[in-house]
Amino acid sequence: MTLHYRAAVLHRPQSPLQIETIAAAPIAPLDVLVRVLAAGLCHTDLEVIDGSLRYPMPIVLGHEAAGVIEEVGSSVRQLKKGDHVILSWNPHCGHCYYCDRNLPILCEDYLAKGARAVQFDGTSKARRASGEELKHLMFIGAFGEYCIVPEQQAIAVSRDIPFDRACLIGCGVMTGVGAALNVAHIGHADTVMVIGCGAVGLAAVQGARLAGAAKIIAVDIDDGKLALAQRMGAARGVNAKREDVAAAAREETSGRGADVVIEAAGSAAAFGPTVEAVRPGGEVVWLGKIDVNNEVSFRWGALMQEKRIRRSSYGDARPARDFPMLARAYLEGRLMLDELITQRIRLDAINEAFSALRDGKVIRSVITFG
Ligand SMILES: [Zn+2]
Ligand SMILES: [Zn+2]
């Protein structure tokens, strides 16, 4: 019997998402059917809506989600009905050039199929009532009551973490905490500057704290977000509208600059200051995205003196290792997630919530189902 469920569908860029009843494909042997119970609205979804990130359509967006396993395919071995899971958007083949070099985020299969917006086995897993095939953003498509993913993308976590908080781990929190724990090399004597205090930046502040940084400096243009960053571990908040970011970094480090600078602002203007604010020999991690055809600029002299820049999409996530670790950090009080949720909404309010994200009014809106 075909499963029908409600989902938000984007038909063309710069148009509202439409709530439709769609039909799920049969469960393939390696697939699991996930009843989505919470999904976060991430900036990447907004980039697709606004047209700066281009995908085939009609498409179901949403890639930061948690839910319950409802059904498993005949060859699924690790998961069972009833498991609580967080979804990963980085399926990978495990044996291509990049997988063999420990870079699953560059997996050849992942990159080739990602642009087509199909699920990882190359097929679509949902259709509109008209029969038209739907695309899925980032191998998930979580803005619906269900989604079908291969077993490797559903990571079982403790049943104790509520779904609305668990979902955040799937993208924003993994990316930010991962930048600090997996990508950067943060020592206990280090000063870390985080530029941009949205969900990813606030997670990076907490990642720097978990990594044992001696001092964390948070930068944003919103005093409310800076106050939140200070609650999460930043010693100082720098409002980039009023203060010079590089000067603030030098002030806090006897004139050297920050040992590590993590960018999570996602605006062209934020990249230059990262290179200015880091010390000689220091490490810069860029997490934010802008339109791929835009250029960024910085003063060449700022990059001299052995500085390193590393770009990261997912904080070097190893979901099977990291998601349960992050869930445990939340349950043990070491990772603040409640504070990242500005509002919980129903699926029908999704367009208003994206407008609020566009206006910088929210950290995270989370859709709750059921
Ligand atoms: Zn995301
Ligand atoms: Zn691969």
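In what follows, the structure referred to is the one given above.
Read on for an overview of the structure. Quantities reported herein were computed from a predicted structural model and do not represent experimental measurements.

Side note on the packing of aromatic side chains
Between two aromatic rings, the relevant description is the distance of the centres plus the angle of the planes.
Logical step 1: Overall, the coordinates contain eight aromatic pairs when judged by the stated rule.
Logical step 2: Look at tryptophan 286 and phenylalanine 298: their rings are 6.4 Å apart centre to centre, the planes differ by 65°, and that puts the pair in the edge-to-face class. Here tryptophan 286 is found in strand E15 (residues 278-286), whereas its partner phenylalanine 298 is found in the loop between E15 and helix H9 (300-303), with 12 residues between them in sequence.
Logical step 3: Ring pairing ties together the aromatic residues Tyr110, Phe120 and Phe139, which thus form one cluster.
Logical step 4: The ring centre of tyrosine 97 lies 3.8 Å from the NZ or CZ of arginine 101, which sits over that ring.
Logical step 5: One cation-aromatic arrangement involves lysine 113 over phenylalanine 120; the distance from NZ or CZ to the ring centre is 5.1 Å.

As for the nonpolar core
Logical step 1: Phe143, Val173 and Ile262 are the most contacted members of the largest nonpolar core, which has 107 residues in total.
Logical step 2: With 12 residues, the single largest contributor to this core is helix H4 (residues 163-183).
Logical step 3: The residues touching valine 173, leaving out its near neighbours within four places in the chain, are Leu168, Gly178, Ala203, Leu326, Leu335, Leu337 and Leu340.
Logical step 4: Listed in part, the 20 residues of the second largest apolar core include Val245, Ala246, Phe271 and Val278.

Examining empty space enclosed by the protein
Logical step 1: Scanning the model with the defined rule gives one cavity of 30 Å³ or more in all.
Logical step 2: A volume near 50 Å³ is recorded for the largest cavity.
Logical step 3: Contributing to the lining of the largest cavity are 14 residues, with Tyr5, His136, Gly141, Tyr146 and Cys147 lying nearest its centre.
Logical step 4: Of all elements in the fold, only strand E1 (4-10) and strand E9 (146-150) reach the threshold of two or more residues within the lining of the largest cavity.
Logical step 5: Taken together, the residues of the lining of the largest cavity break down into nine nonpolar, four polar and one charged.

Quick notes on a nonpolar patch on the surface
Logical step 1: Taken together, the side chains of Leu103, Leu106 and Leu111 define a hydrophobic patch exposed on the protein surface, amounting to about 220 Å² of accessible area.
Logical step 2: Considering the arrangement of structural elements, one finds leucine 103 in the loop between helix H2 (97-100) and helix H3 (108-114).

Focus: the sheet that holds strand E4 (residues 59-60)
Logical step 1: Ordered in space as E7-E2-E1-E4-E8, the five strands form an open sheet in which the pairing is mixed. Strands with a single pairing partner mark the edges of an open sheet, and in this sheet they are strand E7 (126-127) and strand E8 (135-136).
Logical step 2: In terms of strand pairing, E1 meets strand E2 (residues 18-24) through six bridges, oriented antiparallel. From the neighbouring strand, alanine 7 faces E2, where its bridge partner is glutamate 20.

Brief notes about the coordination of the zinc ion (ligand 2)
Logical step 1: Protein coordination at the zinc ion (ligand 2): the donors are Cys93 (SG), Cys96 (SG), Cys99 (SG) and Cys107 (SG), at 2.4 Å from the metal.
Logical step 2: Around the zinc ion (ligand 2) sit four donor atoms; with metal-centred angles ranging over 105 to 116°, the donor geometry is tetrahedral.
Logical step 3: The sequence pattern formed by the donor residues of the zinc ion (ligand 2) is C-x2-C-x2-C-x7-C.
Logical step 4: By relative accessible area, cysteine 96 is classed as buried at 9%.
Logical step 5: The exposure class of cysteine 99 is buried, given its relative accessible area of 13%.

Describing the coordination of the zinc ion (ligand 1)
Logical step 1: Looking at the zinc ion (ligand 1), one finds its protein donor set to be Cys42 (SG), His63 (NE2) and Cys171 (SG), positioned 2.0 to 2.2 Å from the metal centre.
Logical step 2: Here the donor residues of the zinc ion (ligand 1) are spaced in sequence according to C-x20-H-x107-C. Taken together, the positions of cysteine 42 in the loop between strand E3 (31-40) and helix H1 (43-50) and histidine 63 in the loop between E4 and strand E5 (65-72) put the pair 21 residues apart, joining distant regions of the chain.
Logical step 3: Assessed through its relative accessible area of 5%, cysteine 42 is described here as buried.

A closer look at the packing of H4 against helix H5 (residues 199-210)
Logical step 1: Between H4 and H5, the least distance of the axes is 7 Å, while the angle of their chain directions is 40°. For the crossing formed where H4 meets H5, the hand is right-handed. Note on element contacts: H5 touches H4 through Val200, Ala203, Ala204, Gly207, Ala208 and Leu210, opposite Gly172, Val173, Thr175, Gly176, Val177, Ala180 and Leu181.
Logical step 2: Here the residues of the contact of H4 with H5 are counted per class, giving nine nonpolar, four polar and no charged.

Definitions and cut-offs
- Positions within a chain are numbered from 1, following the residues in the order the chain's sequence is written.
- Going through the entries in the order they are written, you letter the chains from A and number the ligands from 1.
- Reporting of local features is limited, given that this is a predicted model, to residues whose pLDDT is at least 70; pairs of side-chain atoms are given and counted only at 80 or more, and all residues count toward the totals for whole chains, interfaces and linings.
- Just so you know, side-chain values use all the structure's heavy atoms and leave hydrogens and water out.
- Classification of ring pairs rests on two measures: the distance between centres of Phe, Tyr or Trp rings, Trp counted by its six-membered ring, which must be within 6.5 Å, and the angle between planes, read as stacked under 30 degrees, edge-to-face over 60 and tilted in between.
- By the criteria applied, helices consist of DSSP H or I runs no shorter than four residues and strands consist of E runs no shorter than two, each listed in order from the N terminus.
- Both a distance and an angle decide whether a charge sits over a ring: NZ of Lys or CZ of Arg must be within 6 Å of the ring centre and within 35 degrees of the ring normal.
- To form a nonpolar core, buried Ala, Val, Leu, Ile, Met, Phe, Trp, Tyr and Cys residues must be joined to one another through side-chain atoms within 4.5 Å.
- Accessible area is worked out with a 1.4 Å probe on protein chains only. A residue is then buried under 20% of its type maximum, exposed over 50%, and partly exposed in between.
- Residue contacts are counted whenever heavy atoms from the two residues lie within 4.5 Å of one another.
- Only protein atoms enter the calculation, which uses a 1 Å grid: trapped sets of points that fit a 1.4 Å probe without letting it out are cavities, open sets showing protein on both sides within 12 Å along at least five of seven lines are pockets, and any residue with an atom within 4 Å of a point is a lining residue.
- Grid points are joined across faces, edges and corners, and a volume is the space filled by probe spheres set on the points.
- Residue classes follow a fixed rule: Ala, Val, Leu, Ile, Met, Phe, Trp, Tyr, Cys and Pro count as nonpolar, while Asp, Glu, Lys and Arg count as charged, and any other residue, Gly among them, counts as polar.
- For patch building, the residue pool is restricted to those with more than 30% relative accessible area and no salt bridge; the joining distance is 9 Å between like charges and 5 Å between nonpolar side chains (Val, Leu, Ile, Met, Phe, Trp, Tyr).
- To measure how exposed things are, a 1.4 Å probe is used in the Shrake-Rupley method; for residues, cover is taken only from the protein chains shown.
- Here a salt bridge means any side-chain nitrogen of Lys or Arg lying within 4 Å of a carboxyl oxygen belonging to Asp or Glu.
- Two strands qualify as a pair provided that DSSP identifies no fewer than 2 bridges between them.
- Counted as coordinating are nitrogen, oxygen and sulfur atoms within 2.8 Å of the metal, or 3.2 Å for Na, K and Ca, while water is not included, which may make sites look incomplete.
- Key to geometry: four donors with every angle between 85 and 135 degrees are tetrahedral; four donors are square planar and six octahedral where opposite donors lie over 155 degrees apart and all remaining angles lie between 65 and 115; all other sites are irregular.
- Each axis is a line fitted through C-alpha atoms, taken for helices only over the stretch in contact, and angles between the N-to-C directions span 0 to 180 degrees.
- Should the near helix be turned anticlockwise from the far one by less than a right angle, the crossing is left-handed, and should it be turned clockwise, the crossing is right-handed.

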